[in-house]
Amino acid sequence: MRLALMSDIHGNIQALDACLEHAREQRAERFAFLGDLVGYGADPCAVVERIMLLTEEGATVLKGNHDAMAVHPPAEAKNVGSSTAAWTHGQLSAVQRAWLDALPLTAQLDKILLVHASADGPELWRYVYDERAATASLDAASTWPEVRYVFGGHVHEQSLYYRGGAARLMKFTPQPGVAVPVPPHRQWLATVGSVGQPRDGRPEAMYALIDTERWQLTFHRVAYDHDAAAWAIRAAGLPGFFADRLEKGL
């Protein structure tokens, strides 16, 4: 199976459509969306509608922290992350909100555990930024039967960790478009990056593709019309900061 792993779309329909097209060109057979479908971006309804349709073709979808906030927005925005929650809530239909609310926090596909943040308390939305956090997530995933891989998002970066000698965790920096062997005799954890809001100084969208026959993982960067996505944010009256981020990849 060739499984496309996408996370943190953040209401960016231009980036989502570009990544879907690219993944199909890579012969993806199935899609998994690892949360944060909405938040920040100007097109939450279009993104949710597109992904809801893909579930009819077998796509797996998880809930992220921004999805949870869009369903139950805080009475007062206390940080950047919650600043668009009320606006997103108002854009979504009642059916879309109910669908987001019912999404699971984790899903297991054979040897693969999917989660938005960390497997160590998925509901706590912990960031997996370093070896320590990755170790905690992998250790938690070890309680799931047969799991050898943990794939998540949340940090808006692409990274890969694996267990080396003496159970020590090693970090590997992936290169876009280069297949990495990930044999199941080791344990692996990857953050697949952000489709809709990359933050590494480059505007190209991010996703990853796992081939479970060859056990190869490939991280991808996809150019898309980020100027159109930024324009849509400004036209919607959302904070210009989120448009600037798309243009600069910050």
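The sections below set out a description of the structure shown in this document.

Definitions and cut-offs
Residues numbered from 1 in each chain as written. Predicted model: local features only at pLDDT ≥ 70, side-chain atom pairs only at ≥ 80, totals over all residues. Heavy atoms only, no water. Salt bridge = Lys/Arg side-chain N within 4 Å of Asp/Glu carboxyl O. Helix = DSSP H or I, 4+ residues; strand = E, 2+ residues; numbered from the N terminus. Buried < 20%, exposed > 50% of the residue type's maximum accessible area, 1.4 Å probe, protein only. 1 Å grid on protein atoms, 1.4 Å probe; cavity = no way out; pocket = protein on both sides within 12 Å on 5 of 7 lines; lining within 4 Å. Points joined across faces, edges and corners; volume = space filled by probe spheres on them. Nonpolar A, V, L, I, M, F, W, Y, C, P; charged D, E, K, R; others polar. Phe/Tyr/Trp six-rings, centres within 6.5 Å; stacked < 30°, edge-to-face > 60°.

### Some points on the pattern of salt bridges
Where charged atoms from two side chains of opposite charge come close, those side chains can pair.
Right, on to step 1. Tallied over the entire structure, the rule returns nine salt bridges.
Right, on to step 2. Here lysine 63 and aspartate 101 are joined by a salt bridge, their closest N and O atoms 3.8 Å apart. With a gap of 38 residues between them, lysine 63 in the loop between β3 (60-61) and α3 (65-71) and aspartate 101 in helix α5 (residues 94-101) connect regions that are remote in the sequence.
Right, on to step 3. The class for lysine 63 is buried, based on a relative accessible area of 13%.
Right, on to step 4. Residue aspartate 101 is classed as partly exposed on the basis of its relative accessible area of 37%.
Right, on to step 5. The partner of aspartate 120 in a salt bridge is arginine 126, and the shortest N-O contact between them spans 3.3 Å.
Right, on to step 6. Residue aspartate 120 is classed as partly exposed on the basis of its relative accessible area, which comes to 28%.
Right, on to step 7. Ionic contacts of the salt-bridge type, sharing partners, join the residues Arg234, Asp244 and Glu247 into one network.

### A closer look at empty space enclosed by the protein
Right, on to step 1. This structure, assessed with the given rule, holds one cavity of 30 Å³ or more.
Right, on to step 2. Lining the largest cavity are 14 residues, and of these Asn12, Gly41, Ala42, Ile233 and Leu246 lie nearest its centre.
Right, on to step 3. Residue contributions to the lining of the largest cavity peak at three residues, all from helix α7 (residues 226-235).
Right, on to step 4. Counted by class, the lining of the largest cavity contains six nonpolar, seven polar and one charged residues.

### What about the packing of aromatic side chains?
Right, on to step 1. Inspection of the entire model under this criterion finds seven aromatic pairs.
Right, on to step 2. Grouping aromatic residues by their ring pairs yields a cluster made of Tyr40, Phe241 and Phe242.

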